[in-house]
Amino acid sequence: MINRNAQRGASYWSIMFGVMLVVIIGKAIIITWPAYWDNRLINASIEERLKTSTDNSPEKFVSELQQQFTLNNLRDLDPKDIMKVSNSGGELVVQTDYEVRKKFIANIDLIMSFEKQFDQRVVKASGK
């Protein structure tokens, strides 16, 4: 014999729980995606500038990168605040380190931390 109670299927509460879980995950993706996209643009801009830079002055590099950020519509981040540029052995070394905080639900924030180091010798060698 077949037990009808064992074949009832998903309950109302399990369906509601599934829908809420999908909504929360979707909201987290929508909130975090722009920060990861901006980080990708920042890394690409730094690598491009390191490949094409002929003057190894940190100040000139930062000013060129500021212009590139403006062209890429990265207005929330200032290169002076998120990176350290130094001249090591005639080549530039760029260290990015910053956090992005986004409001999620009520008083819960999502914090994304980005950190990467670029060496001009390595970038030029990999770009050829």
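Structure: see above.
Note that the structure is predicted; figures quoted are calculated from it, not measured.

1. Remarks on a nonpolar patch on the surface
- Nonpolar side chains collect at one region of the surface, where Phe17, Leu21, Ile25 and Ile29 lie side by side and expose about 410 Å² of accessible area between them.
- With relative accessibility at 46%, the residue isoleucine 25 sits in the partly exposed group.

2. Overview of the nonpolar core
- Within the largest apolar cluster, 22 residues are counted, with the highest numbers of intra-cluster contacts made by Ile42, Ile46, Leu50, Phe61, Met83 and Val94.
- No other element matches helix H1 (residues 12-52), which puts five residues into this core.
- With near-sequence residues (within four places) excluded, methionine 83 lies in contact with Ile46, Leu65, Phe69, Val94, Gln95 and Thr96.

3. Some thoughts on the pairing of strand S3 (residues 108-119)
- Strand direction decides the pairing type here: strand S2 (residues 91-105) and S3, joined by twelve bridges, are antiparallel. By the bridge assignment for S3, lysine 102 is matched with leucine 110.
- Joining the antiparallel neighbours S2 and S3 is a turn of two residues, in which alanine 106 adopts a positive phi near 55 degrees.

4. Points about the sheet that holds S3
- Reading across from one edge, S1-S2-S3 is the order of the three strands in this open sheet, with antiparallel pairing throughout. Lying at the two open borders of the sheet, with one neighbouring strand each, are strand S1 (83-88) and S3. Sheet twist, expressed as the mean angle between neighbouring strand axes with direction ignored, is 10 degrees.
- On top of the sheet, H1 reaches S1, S2 and S3; it is set at about 20 degrees to S3, its chief contact.
- Across the face of the sheet, helix H2 (residues 58-71) comes into contact with S1 and S2 while running at roughly 140 degrees to S1.

Cut-off values and rules
Within each chain, residues carry numbers counting from 1 in the order of the written sequence. Thresholds applied to this predicted model are a pLDDT of at least 70 for local features of residues and 80 or more for the giving and counting of side-chain atom pairs; totals over whole chains, interfaces and linings are not thresholded and use all residues. As a rule here, side-chain values come from all non-hydrogen atoms in the structure, and water together with hydrogens is ignored. In this scheme, patches are assembled from residues that exceed 30% relative accessible area and form no salt bridge. Like charges are connected within 9 Å, while nonpolar side chains (Val, Leu, Ile, Met, Phe, Trp, Tyr) are connected within 5 Å. Using a 1.4 Å probe, accessible areas were evaluated by the Shrake-Rupley method; residue-level cover was limited to the displayed protein chains. Any carboxyl oxygen of Asp or Glu within 4 Å of a side-chain nitrogen of Lys or Arg constitutes a salt bridge here. Whether a residue is buried, partly exposed or exposed follows from its accessible area with a 1.4 Å probe, protein chains only, as a fraction of its type maximum: under 20%, in between, or over 50%, in that order. Grouping buried Ala, Val, Leu, Ile, Met, Phe, Trp, Tyr and Cys residues that are joined through side-chain atoms within 4.5 Å yields what is termed a nonpolar core. Labels follow the DSSP assignment, with helices taken as runs of H or I lasting at least four residues and strands as runs of E lasting at least two, numbered in each case from the N terminus. Two residues qualify as a contact provided that any one of their heavy atoms is within 4.5 Å of a heavy atom in the partner residue. Think of it this way: DSSP has to see at least two bridges between two strands before they count as a pair. Angles shown run from 0 to 180 degrees and are taken between the N-to-C directions of axes, each axis being a line fitted to C-alpha atoms and, for helices, limited to the stretch in contact.

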